[in-house]
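If you want the building blocks of each chain, they are given just below.
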Amino acid sequence: MKKNMFAAALMCGFSLSAHAGFFDSSEPKAEPEVAPFQCGRDDAVSAMVNLIKDETNSRIAIVYNNDKFVSKVDSYIERVNKTPIVATNVSTDSTFGKDLNCVATISIGLPAEFMELSTKAPETFKNYIRLNGGGYKDGSLFWKDVTYRVRLSDNQKEVSAKGNFKDQTESMVRVLEMINNKDAIIKNNSPERLQKARQDYEIADKKLNEIWKSIPASFRESMKEAQIEWVREKTDNCGTIHAANSEDYSIAERSDIFICQEQYTKERIKFLKGDKK
């Protein structure tokens, strides 16, 4: 009987020891599994996004390196750093030494201040979209099949990226420039400005024709070649009235043509009247 009790106690001891070992927190924990290094891994994507922002900020420091804008550089850089940049359809195309060759669609969100131009200066907004080198959808610019490289450091901790992101950086800098000039852009693209510019030109043109007709025919004949040369110079520097009346051009462009034509016309009126002031 005593032997049986001893055996039972011994077995219980072994059992408790086994369970104690099973729940012992002092045992080393398994390292979390790390995904293989590929272009689509989070740290690889982050390295590419950070490179785009760093290059944009470097460009800003160069463009706005003057007394007029130096106070705004920090706010511009802060805006860039907060800009959402997303990579989708990321794939690893191949390897090049220690580098991975990557392909992705890159999207950059446009700030609300800039999106205001889409309704208040639509021609300027559309022209910007056309020049950015990519596409536009739902408040974001995007570029398909962008190629770049990423590399994982030997210590497996840092990731670097390199590539040509000129389209992306210039588009972001241009957005900041347009936001900075937003009020002027909206004003220059207002239908009221176009209407006034057209009316002012038509008044000046009518007056010029009246003065021209008042000049004796013999004098007009002697001035004919000079008048033709003046018309050619005015058109070369300002654009044609046909273009100013065409909806193929933005309101701002059309207004500028009328304004330039009016200025040339007023100068010609002064000349024909003999006004030396």
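Conventions adopted
Residues numbered from 1 in each chain as written. Predicted model: local features only at pLDDT ≥ 70, side-chain atom pairs only at ≥ 80, totals over all residues. Heavy atoms only, no water. Disulfide = S-S within 2.5 Å. Helix = DSSP H or I, 4+ residues; strand = E, 2+ residues; numbered from the N terminus. Buried < 20%, exposed > 50% of the residue type's maximum accessible area, 1.4 Å probe, protein only. Expected span 1.5 Å × (residues − 1). Contact = heavy atoms within 4.5 Å. Phe/Tyr/Trp six-rings, centres within 6.5 Å; stacked < 30°, edge-to-face > 60°. Lys NZ or Arg CZ within 6 Å of the ring centre and 35° of its normal. Salt bridge = Lys/Arg side-chain N within 4 Å of Asp/Glu carboxyl O. Pairing = 2+ DSSP bridges.

A. Representation of the state of the cysteines within the structure. Within the structure shown, the criterion is met by two disulfides. Disulfide partner of Cys-238: Cys-260, at an S-S distance of 2.0 Å. Classification of the bridge connecting Cys-238 and Cys-260 rests on its S-S torsion, roughly -60°, and on that basis the disulfide is left-handed. You can see Cys-238 sitting in helix α11 (residues 224-238) and its partner Cys-260 sitting in helix α13 (residues 251-273), a full 22 residues away along the chain. Note on Cys-238: relative accessible area 9%, which makes it buried. The disulfide pattern of the protein is 1-2, 3-4 when the bonded cysteines are numbered in sequence order.

B. Region of interest: helix α9 (residues 191-214). Across its 24 residues, α9 extends 35 Å between first and last C-alpha, which sits within 8% of the 34 Å expected from 1.5 Å per residue. Looking only at α9, the buried set comprises Arg-193, Leu-194, Ala-197, Tyr-201, Ala-204, Leu-208, Ile-211 and Trp-212. Buried residues in α9 make contact with α8 (182-188), α10 (217-222), α11, α12 (241-244) and α13.

C. Broad picture of the packing of aromatic side chains. Counted according to the given criterion, the structure contains six aromatic pairs. Look at Phe-114 and Tyr-128: their rings are 4.9 Å apart centre to centre, the planes differ by 70°, and that puts the pair in the edge-to-face class. Placement of the pair is Phe-114 in helix α4 (residues 112-115) and Tyr-128 in helix α6 (residues 122-131), with a sequence separation of 14 residues. Here Phe-114 matches Tyr-128 in class, with each residue buried. Between Tyr-201 and Phe-258 the ring centres are 5.9 Å apart and the planes differ by 40°, which places this aromatic pair in the tilted class. With Tyr-201 in helix α9 and Phe-258 in helix α13, the pair connects residues that are 57 residues apart, well separated along the chain. Of the aromatic side chains, those joined through ring pairs into one cluster are Phe-114, Phe-125, Tyr-128 and Tyr-136. Sitting over the face of the ring of Phe-96, Arg-149 holds its NZ or CZ atom 3.9 Å from the ring centroid.

D. Quick peek at the pattern of salt bridges. Tallying each qualifying case throughout the model produces twelve salt bridges. Salt-bridge contacts for Asp-99 lead to Lys-162; the nearest nitrogen and oxygen are separated by 3.3 Å. Here the residue Asp-99 occupies a position in strand β2 (residues 99-109), and Lys-162 occupies one in strand β5 (residues 159-162), the gap between them amounting to 63 residues. Take Asp-99: its relative accessible area is 3%, and that puts it in the buried class. Its relative accessible area of 44% is what places Lys-162 among the partly exposed residues. Asp-256 is paired through a salt bridge with Arg-193; the nearest N and O atoms lie 2.9 Å apart. Of the two residues, Asp-256 is situated in helix α13 and Arg-193 in helix α9; the sequence distance between them amounts to 63 residues. Look at Asp-256 and you get partly exposed, because its relative accessible area is 41%.

E. Seen up close, the pairing of strand β4 (residues 140-152). Alignment of β2 against β4, held across ten bridges, turns out to be antiparallel. Looking at β4, one finds that Asp-99 is bridged to Arg-151. Sheet topology note: the strand β3 (residues 135-137)/β4 ladder contains three bridges and is antiparallel. Its bridge partner being in β4, Lys-137 is matched across the sheet by Ser-140. A loop of two residues connects β3 with β4, the two strands running antiparallel in sequence, and Asp-138 in this loop sits at a positive phi of about 50°. Two strands pair when backbone bridges link them, and β4 and β5 are joined in this way by four bridges, in the antiparallel orientation. What sits directly across from Arg-151, in β5, is Ser-160.

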